[in-house]
Amino acid sequence: MSVGYDALYMDLGECFVLIRAIARSLITRYSHLTARLEQRRPCLPLWGVLLAFTCLSPTSTQAQCAGTASTPSAAADCAAHAIPLDGVAQLDPAHSYTLAELIDIAEHNNPHTRIVWEHAKQKAEELGVAKSAYFPVLAGVAAFADERIVNPFPKPLSPRGYNMVEVPAVVPEVTLDYLIFDFGKREAKVDAATAEKLAAGANFIQANQQVAFAVASAYYKLLTQQERLEAARQTLKTAQTTQDAAEAQLLNGRSTLPDVLNARAETSQAVFDLESADGDEKIARVTLTEELGVEPSPDITIDGQKNAPLPDALTLPIDELIKRAMADRPDLMAQVAEIRAADDAIRAAKSEYLPKISLSANAAQTSVWPTADYGQLGNASEPTWSAELAVEWRLFDGGARKNELAAARSRKREAQDELREKRDQTTREVWTAYIAFRSALRKQQAAVALLDSANSSYSASLEAYKYGVKNLIDVVTAERQLAQARSSGVSARSQLFLEAVDLEFSTGNLLRPLPPATKTATTSTPASTTQPQDGQPR
């Protein structure tokens, strides 16, 4: 009968939970829409869009959680009430996607964000389960029974010394079970579930930051490959210019056939490099679409914003960056919440050594129609009830409570050690990002100077070769140096953007409202568009 009570209670409880969840979802959607209409702000250019992701206009509650929930509590609450969208986004090959748009698509479609989002929802529901322990369990059941028994009876009153009695019964009943006091076990479980919910919210923020960083990395890698492809085209034009000059010198009797063949070999090498760059660019497109969570395909176009200003300086010293990371990194927040949950688990384990006070009661309308093979019995339909106040104190359990408490304390020590390890890892990652950004900044400056020098060297060598002052080897050497300078310039520019994003990611400020750790220059000239002195596009 108790199974029937529980099933009925669960069905009713699930209905109330569903109604409450729908109401909360509607209220949350309305509040989020109102907040967006009142607080919308413009986006930052290029790399800064990662820091201002909240200015996007996502079309699902999941993306709203990623964009507006910057604390573990807000993220967990938002994820708990969000409703996912079915299906996978379709990219428009004719549309040129910005980095902000690509991150928005990834927030909708990347499986990793959906997994941690569902995990956050589960932790929120588990908190509701833990809180339900404070309420009584009220169940109703209707029992229909028929019983036939042998009832011993003295022979003077019954010829056989017994009677056969059959008792049909109908018993509609209501039962109540209520845990009145348990010395803090329920409170500890609620606190542990709350900490787990906060940890899930922090992990949700971390997952969104990871997806945003992965998309940014794939974006800048594609941008690098596109600029390398353009540099390969320019290198091919340079090689053809050298070949034309060698053939012209051969006709004028100022060059030899081996020089022409050498120039043609350089042109063929440039064609080979162009095809390789074209293949790498298409592969980078496929990689980007995979990071978005859509069907991997090279059919995607990005807006490179080649004239966007470059990051040119840091806004915070290394000590402040480390302090920011320790305060704002969501993985550290999640680990701190795990330690709190472990503390609460220890409290719950200790409470098992103490008694519990519970109340049990039931009320029924019992209707019976007994019959006997000898004599006559009367029918009855009367209200019946019972109530019980019980104190349960487990005196011996074979060491189960002792082992459970020891395991809970071990989990706390494990969580503390993991926090220390993550803090050391955070410090290392911030230092690495800090050094990498400064190195990328100096490499970008050196790449610009290198490209200018290589352009000048090639133009001067080609002009001197035409006048017979230098030989073809000098021209080919200058040509190769120019090709290498173009490649270095392309890589340095994209790497600088990526290191700026990595610095925000390592300090936990990606998709968060704090001021960025870097600032941009007011003007910037893409390294790959510099013109050599001979007037040919390089």
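Keep in mind it's a predicted model, so treat the numbers as computed, not measured.

Thresholds applied
Residues numbered from 1 in each chain as written. Predicted model: local features only at pLDDT ≥ 70, side-chain atom pairs only at ≥ 80, totals over all residues. Heavy atoms only, no water. Helix = DSSP H or I, 4+ residues; strand = E, 2+ residues; numbered from the N terminus. Buried < 20%, exposed > 50% of the residue type's maximum accessible area, 1.4 Å probe, protein only. Contact = heavy atoms within 4.5 Å. Areas by Shrake-Rupley, 256 points an atom, 1.4 Å probe, with all protein chains shown as cover. Salt bridge = Lys/Arg side-chain N within 4 Å of Asp/Glu carboxyl O. Phe/Tyr/Trp six-rings, centres within 6.5 Å; stacked < 30°, edge-to-face > 60°. Core = buried A, V, L, I, M, F, W, Y, C linked by side-chain atoms within 4.5 Å. Expected span 1.5 Å × (residues − 1). Patch = residues over 30% accessible without salt bridge, like charges linked within 9 Å, V, L, I, M, F, W, Y side chains within 5 Å. Axes fitted to C-alpha atoms, helices over the stretch in contact; angles between N-to-C directions. Parallel < 35°, antiparallel > 145°, perpendicular 65-115°, else oblique. Left-handed = near helix turned anticlockwise from the far one by under 90°. pLDDT = per-residue confidence, 0-100.

Engineer: Looking at this structure, how should I read the overall build of the chain?
Structural biologist: What the chain contains, in helices and strands, is eleven helices and nine strands. Counting the 538 residues in the chain, one finds 42% classified as buried. For the chain, the share of sequence-separated contacts (at least 6 apart) that also reach a separation of at least 24 residues comes to 81%. For the chain, the exposed area adds up to about 28,000 Å²; of that, 58% sits on carbon and sulfur atoms.

Engineer: Where do I start with the pattern of salt bridges in this structure?
Structural biologist: On inspection of all chains with the given rule, the structure shows 20 salt bridges. In this structure, Glu-230 engages Arg-233 in a salt bridge whose closest nitrogen and oxygen atoms are separated by 3.4 Å. Placement of both Glu-230 and Arg-233 in helix α6 (residues 185–251) is noted, with a separation of three residues, approximately one turn of the helix. Assessed through its relative accessible area of 30%, Glu-230 is described here as partly exposed.

Engineer: Explain the environment of Asp-303 here, please?
Structural biologist: Along the chain, Asp-303 falls in the loop between β4 (301–302) and β5 (311–314). For Asp-303, a relative accessible area of 27% gives the class partly exposed. Sequence spacing of Asp-303 and Tyr-97 is 206 residues, and the spatial spacing of their C-alpha atoms is 5.5 Å. Contacts of Asp-303, omitting those with residues within four sequence positions, involve Ser-96, Tyr-97, Thr-98 and Tyr-219.

Engineer: Explain the packing of aromatic side chains to me, please; I cannot follow it from the model alone.
Structural biologist: The way to describe two aromatic rings as a pair is by their centre distance and the angle between their planes. The final tally for this structure, using the stated rule, is five aromatic pairs. Seen in terms of ring centroids, Phe-181 and Phe-183 are 4.6 Å apart; in terms of plane orientation they differ by 65 degrees. Their pairing is edge-to-face. On the basis of relative accessibility, which here comes to 39%, the residue Phe-181 falls in the partly exposed class. Relative accessible area serves as the criterion here: at 38%, Phe-183 is assigned to the partly exposed category.

Engineer: What exactly am I supposed to notice about the side chain of Ser-351 here?
Structural biologist: By the element assignment, Ser-351 lies in helix α9 (residues 330–351). When sequence neighbours within four positions are dropped, the list of residues in contact with Ser-351 reads Asp-182, Phe-183 and Lys-185.

Engineer: Is there a simple way to think about the side chain of Arg-285 in this case?
Structural biologist: Position of Arg-285 among the secondary structure elements: in helix α7 (residues 257–292). Residue class for Arg-285 comes out buried when judged on its relative accessible area of 17%. Those residues within four positions of Arg-285 in sequence are excluded, and the remaining contacts are Leu-222, Gln-226, Ser-297, Pro-298, Ile-300 and Thr-301.

Engineer: How should the nonpolar core be read in this particular structure?
Structural biologist: In a soluble, globular protein the nonpolar side chains are often hidden away together inside. Among the nonpolar cores identified, the biggest contains 35 residues, and Leu-102, Val-215, Tyr-220, Leu-288 and Leu-292 are the most heavily contacted of them. Every element with two or more residues in this core is listed here: α4 (99–109), α6, α7, α10 (400–466) and α11 (472–506). Among the nonpolar cores identified, the runner-up in size contains 15 residues, and Ala-246, Leu-462, Tyr-465 and Val-475 belong to it.

Engineer: I would appreciate a short explanation of α11 in the present structure.
Structural biologist: With 35 residues, α11 should cover 51 Å at 1.5 Å per step; its first-to-last C-alpha distance of 50 Å lies within 8% of that length. Among the residues trailing α11, Gly-508 stands out with phi positive, at a value near 80 degrees.

Engineer: Hey, could you run me through a nonpolar patch on the surface in this one?
Structural biologist: Where nonpolar side chains cluster on the molecular surface, the patch consists of Tyr-178, Ile-180, Phe-181, Phe-183, Tyr-353, Leu-354 and Leu-389 and spans about 620 Å² of accessible area. Per-element tally for the nonpolar patch: the top contributor is strand β3 (residues 162–181), with three residues. Mapped onto the elements, Tyr-353 comes out in the loop between α9 and β6 (356–368). Accessibility expressed as a relative area gives 34% for Tyr-353, which makes it partly exposed.

Engineer: Explanation requested: α7 in the structure shown.
Structural biologist: The α-helix advances 3.6 residues per turn, and as a result positions three or four apart in sequence lie on the same side. For α7, built from 36 residues, the straight-helix expectation of 52 Å at 1.5 Å per residue is met to within 8% by its first-to-last C-alpha distance of 53 Å. At the C-terminal side of α7, Gly-293 shows a positive phi close to 85 degrees.

Engineer: What's the story with the packing of α6 against α11 in this structure? I'm lost.
Structural biologist: Two quantities define a packed helix pair, namely the angle between the axes and the distance from one axis to the other. At a minimum axis distance of 9 Å, the contact between α6 and α11 shows a crossing angle of 165 degrees. Judged by the angle between their axes, α6 and α11 are roughly antiparallel. Relative to α11, α6 is oriented so that their crossing is right-handed.

Engineer: So what exactly am I meant to see when it comes to the confidence of the model for the chain here?
Structural biologist: Note: predicted coordinates in regions of low pLDDT should not be interpreted at a detailed level. For the chain, per-residue confidence averages 80 on the pLDDT scale, and 83% of positions sit at 70 or higher. Here residues 1–64 is modelled with pLDDT under 50, and outside its nearest four sequence neighbours on either side it reaches 99 contacts, counting other chains as well. Below pLDDT 50 for its whole length, residues 523–538 participates in 39 contacts with residues either more than four positions away or in separate chains.

Engineer: Can you help me understand the environment of Ala-400 in this one?
Structural biologist: Tracing the sequence through the fold places Ala-400 in helix α10. Residue classification places Ala-400 among the partly exposed positions, given a relative accessible area of 40%.

Engineer: Explain unusual backbone geometry here, please?
Structural biologist: Peptide bonds are mostly trans, and most non-glycine residues show a negative phi. Positive phi, normally seen in glycine, also occurs at Phe-183, with a value near 60 degrees. With respect to the element layout, Phe-183 can be found in the loop between β3 and α6.

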